[in-house]
Amino acid sequence: MKLIELVKREKIVVIVRGIKPEDSLSVAEALVAGGIRFIEVTMNTEGALAIIQQWRECFKNEEIFIGAGTVLDREMATAAIEAGAQFIVTPNLDEEVVKLSCEKNIDIFPGVMTPTEIVKALKAGAKAVKLFPMGSLGLNYLKEIRAPLSDVQILATGGVNLENIQEYLKNGVIGVGIGSNIIDKKLIEEKNFQGITELARKYKEAVKDVEKYG
């Protein structure tokens, strides 16, 4: 099954940003214990490349997919792919990064906001896009975008929480990117990784409810 099809199945990509390298494995294990299968570490996290390598090695025998986020240019994308990233996520549209990822057969979710950016991303080769920042754009913007671009595969990122995740999924996105609402820095500082697992489970249950009743 192709990676984007798996995103459609799992619905949640967790974004890990700014954690300490010594906490990285515990955080990933906590997410996996909570049912998360897609995890990205942002490239502006200390030791991001080493974290990608560590996670790939740790979960090599499991259906866990590790990505690199906040990828800003070709050099960063190349380094992430060489470290083992299985998908790339960007905050902006850099068509060169899209083309490189396609050349390497790595799925990419380029960050877009406008219809123009969405179409440019698709023409550059992207199979899906990351609509960002949803916390500012909101559900009404998503609905307006979906009207003329109903066939575009969208990952909604920014501002997704337990109160609105079902609404996003019901409005046609293939999945959502969630960061600090699961990666709770206070829980990590307290070494309460079980708390991270419990948060992940709550989001997975919310997704299941959409599949059951949506």
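Relevant structure appears above.
As the structure is a prediction and not an experimental result, all values here were calculated from the model. (Residues numbered from 1 in each chain as written. Predicted model: local features only at pLDDT ≥ 70, side-chain atom pairs only at ≥ 80, totals over all residues. Heavy atoms only, no water.)

Caption draft 1: Structural context of the side chain of Lys130. Among the structural elements, Lys130 can be located in strand β7 (residues 129-131). Buried charged residue Lys130 carries no salt bridge. Nearest counter-charge: Glu40, at 5.9 Å. There is a polar contact of 3.2 Å between the side chain of Lys130 and the backbone oxygen of Thr90. Those residues in contact with Lys130, other than ones at most four positions away along the chain, are Val89, Thr90, Pro91, Phe109, Pro110, Gly111, Val112, Leu155 and Thr157. (Helix = DSSP H or I, 4+ residues; strand = E, 2+ residues; numbered from the N terminus. Buried < 20%, exposed > 50% of the residue type's maximum accessible area, 1.4 Å probe, protein only. Lys, Arg positive; Asp, Glu negative; His and termini not counted. Salt bridge = Lys/Arg side-chain N within 4 Å of Asp/Glu carboxyl O. Polar contact = N/O pair within 3.5 Å; in protein donor to acceptor, adjacent residues only side chain to side chain. Contact = heavy atoms within 4.5 Å.)

Caption draft 2: Broad picture of the packing of aromatic side chains. As enumerated under the stated definition, the model contains 3 aromatic pairs in all. Between Phe38 and Phe65, the ring centres sit 4.9 Å apart and the planes meet at 20°, which makes this aromatic pair stacked. Placement of the pair is Phe38 in strand β2 (residues 38-42) and Phe65 in strand β3 (residues 65-69), with a sequence separation of 27 residues. Each member of the pair Phe38 and Phe65 is classed as buried. Plain terms: the ring middles of Phe87 and Phe109 are 6.3 Å apart, the flat faces sit at 90° to each other, and that makes the pair edge-to-face. Linking Phe87 in strand β4 (residues 87-89) with Phe109 in strand β5 (residues 107-109), this pair joins segments that are 22 residues apart in sequence. We note that Phe87, like Phe109, is buried. (Phe/Tyr/Trp six-rings, centres within 6.5 Å; stacked < 30°, edge-to-face > 60°.)

Caption draft 3: Quick peek at the side chain of Thr90. Among the secondary structure elements, Thr90 is positioned in the loop between β4 and α5 (95-103). In this structure Thr90 comes out as buried when scored by relative accessible area, which is 2%. Within polar-contact distance, the side chain of Thr90 engages the backbone oxygen of Asn92 at 2.5 Å. Setting aside chain neighbours within four positions, we find Thr90 in contact with Val71, Val97, Ile108, Phe109, Pro110, Gly111 and Lys130.

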